[in-house]
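# Structure assessment
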Amino acid sequence: MGKTEVHIIGGADGPTSVFWAGKKRKQSIKMRIRNLIFRYKKERAKKRILPGGHTLQEVLKYAQRHYGITEISTTQWRYIEQKKSWKEGLLLKYKPELLGEFQHIEDPEDHEEKTLDRFFEQIEKRSEKAEEIPDCKMPMDFHIYEMKYQDGSMEIVVDYHWKMFGISYSGKKKTMKSLKKIAQELYLYYGVTKEDIERKTERYQELLLSLSV
């Protein structure tokens, strides 16, 4: 049985999203039923969300104490590439003007090879531009933590400066159930304020989706 991955992504990647990475399927009756169940779980999860929470620093200390997560080295390729990606996302969200002409890239009008080549060339140039922007103009406090669990793993990505928090995990079916519970526990521990609930902020949406998967 192959591995499945679940990603709960928020913050730098824009609107929070949840997706399952694995075998591609058509929108079958089974998938439509699954979507209905997800919407039902989402409505039920709303009732579990109450005001109260902790700082990101407290969440990571909690995860270290209870689950032994460890921080990966800043010299690892995975860290370097993810930080680049988050930096670009943060620039687009908070300081798009620093990207100059690349802050708005139009989607390709068609799927012709030349059109797509131009589009991906612009994307690549934007990434290069983002990488050139100095830390003094785009400060970050970026960290990646990981935890090995049976035949699976969990990754927690945090930027303390921008208060960004994301969890992803992968493994076989039995392990995924345990990792899902841990992820939900951490999101609940992070929690939300009364204002987050009223304004339906990203922090609230991330918690809601984590409780709905």
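Residues numbered from 1 in each chain as written. Predicted model: local features only at pLDDT ≥ 70, side-chain atom pairs only at ≥ 80, totals over all residues. Heavy atoms only, no water.

### Focus on the overall build of the protein
Helix and strand counts for the protein come out as seven helices and eight strands. Counting over 213 residues, the protein shows a buried share of 38%. Long-range pairs, those at least 24 residues apart, make up 62% of the contacts in the protein with a sequence separation of at least 6. Carbon and sulfur atoms form 51% of the exposed surface of the protein, whose accessible area is close to 13500 Å². (Helix = DSSP H or I, 4+ residues; strand = E, 2+ residues; numbered from the N terminus. Buried < 20%, exposed > 50% of the residue type's maximum accessible area, 1.4 Å probe, protein only. Contact = heavy atoms within 4.5 Å. Areas by Shrake-Rupley, 256 points an atom, 1.4 Å probe, with all protein chains shown as cover.)

### So, the pattern of salt bridges
All told, the structure shown has nine salt bridges when counted by the stated rule. The closest approach of N and O atoms between E202 and K93, which form a salt bridge, is 2.6 Å. Taken together, the positions of E202 in helix α7 (residues 202–210) and K93 in helix α3 (residues 77–94) put the pair 109 residues apart, joining distant regions of the chain. (Salt bridge = Lys/Arg side-chain N within 4 Å of Asp/Glu carboxyl O.)

### With respect to unusual backbone geometry
For Q150, which is not a glycine, the phi torsion comes out positive at approximately 50°. Among the secondary structure elements, Q150 is positioned in the loop between β5 (142–149) and β6 (152–159). Of note in the backbone geometry, K163 takes a positive phi value of approximately 55° without being a glycine. Checked against the element boundaries, K163 lands in the loop between β6 and β7 (164–171). The exposure class assigned to K163 is exposed, which follows from its relative accessible area of 60%.

### Focus: the environment of G53
For G53, the position within the fold is in strand β3 (residues 52–53). Spatially, the C-alpha atom of G53 lies 5.5 Å from that of V192, the residues being 139 residues apart in sequence. When neighbours within four sequence positions are excluded, G53 is seen to be in contact with Y189, Y190, G191 and V192.

### Quick look at the confidence of the model for the protein
Looking at the protein, the pLDDT average stands at 87 and 87% of residues meet or exceed 70. The low-confidence segment residues 8–24 (pLDDT under 50) makes 43 contacts with residues lying over four places distant or belonging to another chain. (pLDDT = per-residue confidence, 0-100.)

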